[in-house]
Every structure is written in structure tokens, then in C-alpha cells.
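Residue strings, one per chain:
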Amino acid sequence: MKRIVLLLLSLAFCVTPSLASAQSYVVAIFAPSIDFKDGAERNEYVSKVAAAFSRATGLSWNGQAFARASDFESARANVDVVIVDSDYYISKLSGLTPLAMLSGSSGVSRRMHLIAKKGASDKLYNYRGKRLVLVSGSGQNKKFLEATALANEASLGSYFGSVDEARDVRSALNAVELGKADLTLAYDGYASGFTNVYTSPSVGLPVIALSSSRISGATLEKLKSAAKGLGISASSIISSSSAYSAGEAANMRNASSSQKTTMSYALMDTQTTRVQVYSTPLLPKRNPLTLNPAMVYTGPTLNSLDKKLDRKL
Amino acid sequence: MKRTIKSVLMRASVFWVLLALPVYVQAQSHYATNQAQEHYDEGINYERRAEQQDDLEFLHSAKKSYEAAIKADPNMQSAYARLGYVLYALQQSGEGITRMREGLARHVENVELQHYLGLNLFQHGDVDEAEAVLTQVVEKRKDFAEAYFVLGKIALDKGDYESAQEHFASYAAQTPNDIRAYRALSKVYIEARNVEGAESSLEQILKLDSKDFVATVNMGHVKFEKGEIDEAVKYYERAYEMNKKQVELIYIIGSAYYLSGQYDNAIKRFDELISLQSKHLGAAYFRADCYLKLGKLDEAHKAFTEILNEKPDYLYVKLKLAEIEHLRGNNSEAETRTRLLLNESSNVDDKHFAAVLLRRMGNIDESLNIHKDLVKADPKNERLSLYLARDYIEGRSYDEALLIISEVIDQHFSNELAWEMMSLALLYKGYDAMLSGDLVSARETFEQARSTEQHNVESLCSLSQIAMLEANFEGALDLYHEAVSIAEEHPSVLKLGSIFDLLMEDYGAAQRKLHVLQNLGDDKIIGAGGWYLMAIVNSHLGNWPLASEQLKKAEGMGFVDMAASAAIALQNAMDAAKAGKHDELDKELTKADMFKDMLEPIDRVRFNYLSVSSMVRQRKYSQAKSLLEDVKRSFNNLSAEQRGEVVEGGQLDVDYELAYINLESGSYDAALKIIASKRGGGEYKNLELALRRRLGADTFKNKRYSQASIHFNTAISLGGTETADAFNAAIADLMAGKLRDPENTLERYARQNIPEALLAYAIFLDNSGQTAKASGYFARYLNSTGGRKAEDVKKILQNKERVWGPSAN
């Protein structure tokens, strides 16, 4: 109960972005799929990142944390580096320069689970007509679930009773735990204490990308290097950062676009499609071998000579 | 230790002895004075008693009596004569010479005294004077047998065999029952290597004394020299019966069998000898070699190894073991061993044998170099020079071989083997020239070979071949008949004869001659040429399988006649095609392809036509199409008669093949065009059926479903009665949106449990939203044999179960 109260408090807390001074650079985080305990923890994480960038570039960096997409989009003009969920990055922020990806024990991507309340059924077909809650963001997660968990056999809307959105994963998990929803989708690592109904293919972790043109040259190189070498833990699944992987970042979108496994009509093989080609029988040869009298040796053989020579032995 | 049979036989010749027994000639009486006559008669009596009692003492008394007679009557010539004899018999030849000269001083013309002077001179060692005196004696009187005998001995000692033989013959004529005459004669003949004479004189000896051991053994040798091995062995056996201590005779008997190639009999004798003398190395060696000659390699290996256990350093035997490895086919092992042994040994025989082994294993240059070194170290050794020449012959360097052989002959004119080699090298050289078409050189070389008088028959046959090739048929026949007159059934004559028969198209006669040739002996006698001729004959008689087999034998002996090989391969290919043995067909076509340029035009058409079918099977459609065009063209260039020989009716229709190739290579329109022009008869109908099916599948794949439907339905109208035809037409119609009542139609096919039908019905149901029913048919499809894309179906079923639950399946 204490945990739920704290969570509710965190939902109520709104992080107000501080204004960056004219000489300062801003790194902002909007990653609703990452389970920060609360806004303070999210702020602390981005502040540590800003400090790391300051150390690396010699510039002054400030960190900003956003809980809603709209707030994040409004502030983007003043943001130099963003840390966003990979599906959001791929779907909404194309054109940015990727610097790195957050990483954990399984690298820069991680499986996701469709999870239900502890003790509930672990069979997906038992959740037909039930309530699904998903983290709001790019909306890619809906298509992702349709293509993977439902194998495109049905749409989310037709299969579940309702499909709602939560501000972030913590809210979604709380909704399931509190019985306000039956299922939600979360990274492996957040499913502890829930029933796993379906495990998805791996999905990319958040991407660190350059969002402004204020940084270039040697400073940009330093920044890139710092972005790839962050040794800062966050939530329970982030422990550092690594080089950007376009493939891993696009995992969710790629999986979402897969088609329903179907078969096409096949024709039957006919037994007599092949026919014999040699049709005209040749008559037996009547022309015999041609004698070449020069080929016949009528002299003595070496054999008799060899016998005599061998006798000398 | 190197033992050879030859050396053994030579050693055996120690039995040759000439026993010079004392001569006794009956004295004749001559009367002078009464007193002298009494002494003379007394002397005669003593001589008789000496003879009767075999006591020389009486001859001493006789001597005294004759001396007394001469004293009483110094002119008594007969007493001088008897004294001359007695002194000769008492071996008091010095005195004999003095007394005879004394007598001759009184009676210059007395031939009898000259006779005894001669005998005593011979006994005294004054051989030249004795020869001169006795020669005068036999010129004056022909009845002094002993003079002939002594003259014979003198001639024999001088190596004048001819004179010796004449004198001994004269002696024998006068003393036909004197065995010494024949012994002497046989010795002369044997020394002179006159086998016939030796045999005749030995026969006389054995007639007079059948137990004569030496003569019996020598008769064995004579028979052996004549090649009458069985007879030789009989005499050796008889001699051994006479003297069982002469165990060496068993060795001689075994050796005779060995040299005559009767290895089994030889082994028995060597075994017998080894049972008597367990350490008889010669017997052990030749017994092992007999096994080798018989091809009993394991036994030979064991026997040679046993010898090696006794004599570990016997390198020659080690080489024999290497030879066994070679004969077992382990050439690499044999070569390695041989080379190692070669380095170990400095013995000439070892090195030579190693060289021979290397040559047999195809290392001619190596053999040549070894023999070159051996000759260099011992340039006067004619044997080594001939071995070197042999290597040159093997390497077809006939001029080098001939040069060496000529040098040997220059130094050893009577070396028969050298002459034989020279003749052989010339014949080989001529044959090479003949093959290369240089008939002038060939003829010259054959003539040279003929002049050596070594291979008369072969030389004549070779010259006949040249005349034949020069179109001088009459000359060729003359030479052939000359060869026939020498040896009608000689292998060369039989081969040449069969060539003439073939040219005169008398195949039966050729076959008979070759049959005789075949009965003469093994493959080596028949030779590659013999097998080739048999193949030719059998091809004329239409017996192609036999012809093929015989040509194969010829080829196995190094014979190459590209035209014949190609023709035989083609015939085999035709047989294989007829029997539907495609692998065999391809193999023979590949063989024929190597020599295809040698094929006659008619055979070239056959070859190309068969090659087309092979190419089509190998899906080489482009090549097949091009070759088929060539077949069409070259067939039309044949005469009408030839066309009739190729195919029935002389019409070769390749349109069917062309249509087929177009079908298989995807040129469907071209195929359809040809088929349309043939108005759909017989095989073309089947071809169109195949084509329509193929087109149906092709257009279906390209999603041209209406077109596919037309092709499948046409296939049905052409007689495509299979379920597949109807099913495929139904699926095409379904996809084209033309299938009436698709659910029932597809369900009907699915009921037959045909995998494609089960799948089609499952897909139809799935697409119609009948998920649970669809899952059931997907599952049945999965369980049916022959289900394609099973992994995809499994995945579909897993997804459906996860999403819809177990009831979906």
C-alpha cells in the first residue's frame, strides 16, 4: 500500500523543466517505458548524465526530465540531446543524429512481456474481451502486440474488451496491480510479481540522440564518446550505455510490420509431366570397323627376348 | 652368391670325359729265319697270354722275344713292328721311338713301323712329329684305326673339331663296337656344340653300354638343348637311378623343368632335394622363383623370406621381395624398396635387376641411367651393354639401341642374343616408321632386319605389310607366301594372313586363322594386333559385343586405333541407349567423344544424335539444340542408302526432340508452334500435355490464374486424367474467381487426403474465418506424408492455439 501511495504521489508530481542559461546545453529524457521510481529518480538520472557530458565536453550541461510526450515536444527546441524510447525515436524523431543507446545486462535491446496480475491465467486466449493497458508514446506498441502476441490473427480492438493508455510503464503496472486493467506490456525485469502471458521478441532500449546543431567538431566527438560510455544505472534494467544500433532500435517497428503467417494454394505435381526425349530408334550399325593394316605389328615381341635376357641373371 | 641354371649345367659338364684306353691290335705273323721266327712266335704267344691274363709282365717277355728275333734276323720287319707295339703298350715310348727309327732305317717304306713310331712319339709327347708321321701313315694305309684315334685326339686338343670329328669317325668306322670311338666323337661334338652329332654318338654309346652314366647324363643335356625337356628329364632320371649318390642330378632335373616353364614339376624336384639337403640354397632359391613365376605371390614371398632368414644380406632376394610387391600392385612400396636396395648394393647383378624392376614399373629413364653407369664401369661387358640396349628399345630410342648392339656384335660376332636384339630393334623401328607413314624408311629397316636372318618370318611379314600399304598387293602376297612356306602357323603369318582375308572380305577364313592364333598360347603371343584383328573380324560378322571385348583387350596391351575405339564406343553407346542404361550411354559417349573426329560421317550422325539425348538428360538444352540442328544438317548430307542405315525408312524427324528441348528450356511458344504443326499425333499429344501442365504451373506461379485455368483444362482435354489435373484446374479457377461452390469442391478433394488438397481446404477455411475448422485441416495436412512447408504450418497452428485456444485445433 505504501508503494502504491508513493506511486500516486509521483504521478501527481510534475517535473518543471528549468530554463537553461545562454551558455548552457540541455539533455532531456522522455522514456515512459523505463520504470523510474518517481520523478526525482528520473531527474537524478538525467542530472548525472548532464554532469557526465559537462565533464566530457567542458561545457555546462543541464538535465531535464519529461513525463508526457506533449511537454517533451514543447521543450524540444531548447534541447540539445534527447534520451527517448527507441520506438518513439524511430517513429517520431527521424532526422536526429543518434549518439548511443542505453544498455543493460542483455545489451541495447531486451525482451518484453505481456503480463497479468499475479495468480491470473498465463494463457493469452483467456484474455479475449479483457482490458489491456499500454504505455502511451509512439503507438507502435499496439501494432507490435497485434503482430507478435496475436500473430495478426485478430486486431487488438476486436480481441480485447478495451485498450487503454497509461502515461508510463509504472502507471500501467499499477493499473494491472490495482485491477484497473488485466494486461500490460513491459520490459523483462519489470514483470517480477506478475504472471507472464506472452514473451515478445527483443525490443531496443532508449536512444541518446543529438537534437540541436549547436554542438559540432571536436566537442561533438567528445560528446559522442561520453554518450557511449555512460556508466550510470537507472531503474532496474539500465546499467550503462553503448554504441547505437539501428537494427536494435528498429526492432519494435520491424516486428510490428510482420504479416500473418499464411499459406498459399499449392498445385499438385503430375506424374507424367516429364516425357521421354529419345524418340527415333537408331538401326543397328552395319558399317564394321575399318581395318588399318599398319596397326598390326607382325614382328617378334620383347617378351621372348626378355626371357632370354633374364636367363642371364 | 649368384647361382644361375646355366652355370649349374655348365658345371655338370665335368662328366664329360674321354677315356683313352690302351690299344690292342692283333699281331700278324711274318716269317724270316727259323730262329728269328721261333722268337717271334714266342713273342706272339706272350702277347696273347698278356691279353688273356691281363698281365703286363707277359709283355715284358714278349719284348725280349721280339728283340731276340731282331737280333737273329735284323731284317725281320714284323718283329720290329710288334716290338713297337709292345714298347708303346708298356709305355716305354722313348725306347719305342729309338727302335722304330732303327727299323725304319732298314725299311724306309714300312708303314707299320711308321705307325708305331707315330704312336710312341705321341705317347712320348712329341705331338707335332707324331701328327706328321701318323698323317703320312693314314695317307698310305687306311686300316690303322689307332692312328686315326690318336690324330683325332691331337686335333681335339688343338680345338680343331672338324678334323677331330673326321678322324674319330674313321676310327669308329673300323671299330664299330669300340665304345671309345663314340665317346671320343661325342666329346668332339659337344665341344663343337654340334647337338645332332653328339646325340648320334651318345646313342651309339648307350647302344653298346646302356649303363654308361656319363653318356646318359650327356644325352639328357643334349635333349635339353633340343628343347625335349621330358626326354631330357627321362635321361637324368635314369642316370640318377644308376647313381643315387649324384643328388645334384635332382637339382639338374628341377632346373630343366624350371627352364622349360614346368614350374610345378620343378617345385616337386626342388622339394625332394631340399628334403635331402635342407640347406641347398640353389634349390630353395629356384623353388621360390617357381612360385613367383606361377603367380603364387604369397608362397613366393614366404619362400624368399625363408631364404632371407638364412642369409639376411642376400640383396638379390630382397629385390625379389620388392618384385612381389610390384606384382601385388604396391608399386610405390616396390619402388621405394628397390631404390633403397639399389643404394645398398654395389653388385652388378643386384643393380641390373633393380634397374629391370624400375623399368617394369615405368621408370625407363632411371633404368637407363643405372645401366649406363654399369656399362661405363665395365664397357667390355657385352651382357650389360645389351641390357642398356634393352632400355633404349623400351624407350623407343631404337637408333641408340642399335648403336650399342652393333658395338657388341663387332666385338663378339657370334653373340646370338645380340643379333636377335638387333633384328628386333630394327623391326620395332620399322614398325614405328610404318605407323608414321614413312614407308620407304620402314621398308629399308625391315630389309636390314631380314638380313640378320634372325626373324625371317617376321621380317617377311613386315615387308609384306609395307607392300600392302604401297598398294603392291601382288608383291605383298608373294612375301606372305614366302613366310607361309617357312612357318604356316607362325603368329605373324597368321595375323598377316587374316589381314589378307579381311581385305578379300573372306571373314570366315580370317576368323579361322585367328582362332588358330588364339590356340597358340597366351595374350603375349596373340598380341594387341591379334586382338585388334579379331575385333575387326567380329565387327564384320556383326558380333559387336565380342568385338568390343577384343578391342578392349588390345587397348589393355597399349594398342590405340582411335577410329576403331570411337566406332566401338559408339556401338556400345547404341546398345546402352537401346537398353535404357543412361549411365553406360554417357560413359561410352564420353569415350567416343575423345576420338569423334575419326568417326565416319554416318557414325558421326549417330554419335551426335545420341549425344543430344544425353545432353537433354543433363539439362544442357542450349548445347542439345545446337547439336540437333547439326544432326539434321549432317543427316541430310548422307546418301539415301546411308540414311536408310541410320533409321527405319531413312527419315529422321528431330522436330519432336526440338519441341521437347524448347519445352524443357522454357521456350514454350516455340514448343507449342512445333506441336501445332504436327497436328497433335501420338507422342506430340503427350508432349503437349506435358507442355500444358508446365504452362499451367508457370502461369499460376505468375498469378495469371485465368490463363493457368485454360492450360490445365486443355491438359484435361488432351487426356490428362490424373486427379492432379482436375485439382490444379480447380485451384486455378478458384484463384481466378471462377470456381463454383469452392467450399464443396475443395472439401471433396480434401476427403481424398491429398496433401495439397488438405492444405488448399485449410487455407480456404482460414480465409473464410473458419479458424477452428481451418486449424483441423492444417493439422491433417501436417500429419499427411509429403506435406510441404511443415514448419510454416506448425507455426500457424501454434499461433492459432495461443490466440484462440486449444479448441482452434
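Below: a short report on this structure.

Cut-off values and rules
Residues numbered from 1 in each chain as written. Chains lettered and ligands numbered in written order. Predicted model: local features only at pLDDT ≥ 70, side-chain atom pairs only at ≥ 80, totals over all residues. Axes fitted to C-alpha atoms, helices over the stretch in contact; angles between N-to-C directions. Helix = DSSP H or I, 4+ residues; strand = E, 2+ residues; numbered from the N terminus. Parallel < 35°, antiparallel > 145°, perpendicular 65-115°, else oblique. Left-handed = near helix turned anticlockwise from the far one by under 90°. Contact = placed C-beta atoms within 7 Å. Nonpolar A, V, L, I, M, F, W, Y, C, P; charged D, E, K, R; others polar. Pairing = 2+ DSSP bridges. Core = buried A, V, L, I, M, F, W, Y, C linked by C-beta atoms within 7 Å. Buried ≥ 20, exposed ≤ 12 C-beta atoms within 10 Å, placed from the backbone. Expected span 1.5 Å × (residues − 1).

Before going further, it helps to spend a moment on the packing of helix α34 (residues 601-617) of chain B against helix α35 (residues 621-637) of chain B. All names here are of chain B. With their axes 9 Å apart at the nearest point, α34 and α35 run at an angle of 155° to one another. Between α34 and α35, the interaxial angle falls into the category roughly antiparallel. Helix-helix and strand crossings are classified by hand; for α34 and α35 the assignment is left-handed. Contact residues: Pro601, Arg604, Val605, Asn608, Tyr609, Ser611, Val612, Met615 and Val616 in α34; Tyr621, Gln623, Ala624, Leu627, Leu628, Asp630, Val631, Ser634 and Phe635 in α35. When the residues that make up the contact of α34 with α35 are grouped by side-chain class, the tally is twelve nonpolar, four polar and two charged.

The next subject is the sheet that holds strand β4 (residues 97-103) of chain A. Residue and element names in this part refer to chain A. Pairing is mixed across the open sheet formed by six strands, whose spatial order is β2-β1-β3-β12-β4-β13. A single partner strand is all that each edge strand has here, and the edge strands are β2 (60-65) and β13 (240-242). Within this sheet the neighbouring strands show an average axis-to-axis angle of 25°, counted without direction. Here six bridges tie strand β1 (residues 24-30) to β2, and the two strands are oriented parallel to one another. Within β2, the position partnered with valine 26 by the bridge is asparagine 62. Packing of helix α2 (residues 39-57) onto the sheet brings it into contact with β1 and β2, and relative to β2 it is tilted by some 160°. Against the sheet, helix α8 (residues 217-228) contacts β4, β12 (207-210) and β13, and its axis sits at roughly 20° relative to β4.

This part is about the nonpolar core. Note that soluble globular proteins tend to have their nonpolar side chains buried in a common cluster. B:Tyr236, B:Ile405, B:Ala425, B:Tyr532, B:Ala535, B:Tyr761 and B:Ala762 are the most contacted members of the largest nonpolar core, which totals 252 residues. Looking at this core element by element, the count peaks at eleven residues for helix α24 (residues 416-435) of chain B. When near neighbours in sequence (up to four residues on either side) are disregarded, B:Ala425 contacts B:Ile393, B:Tyr398, B:Ala401, B:Leu402 and B:Ile405. Listed in part, the 46 residues of the second largest apolar core include A:Phe66, A:Val81, A:Val108 and A:Leu223.

We now examine helix α41 (residues 723-735) of chain B. The periodicity of an α-helix, 3.6 residues per turn, causes residues three or four positions apart to be oriented the same way. All names here are of chain B. With 13 residues, α41 should cover 18 Å at 1.5 Å per step; its first-to-last C-alpha distance of 18 Å lies within 8% of that length. In terms of burial, α41 is a largely internal element, ten of the 13 residues being buried. Those residues of α41 that sit buried are Ala724, Asp725, Phe727, Asn728, Ala729, Ala730, Ile731, Ala732, Asp733 and Leu734. The positive-phi residue at the C-terminal boundary of α41 is glycine 737, with phi of around 75°.

Here the focus is the environment of B:Ile466. Residues and elements named next belong to chain B. Along the chain, isoleucine 466 turns up in helix α26 (residues 456-469). Classification of isoleucine 466 as buried rests on a count of 25 C-beta atoms within 10 Å. Sequence separation between isoleucine 466 and tyrosine 431 is 35 residues, and the spatial gap between their C-alpha atoms is 9.6 Å. Isoleucine 466 has contacts with Met434, Leu439, Ala442, Arg443 and Phe446, leaving out every residue within four places of it along the chain.

Bear in mind that shape data such as this cannot, by itself, settle questions of function.
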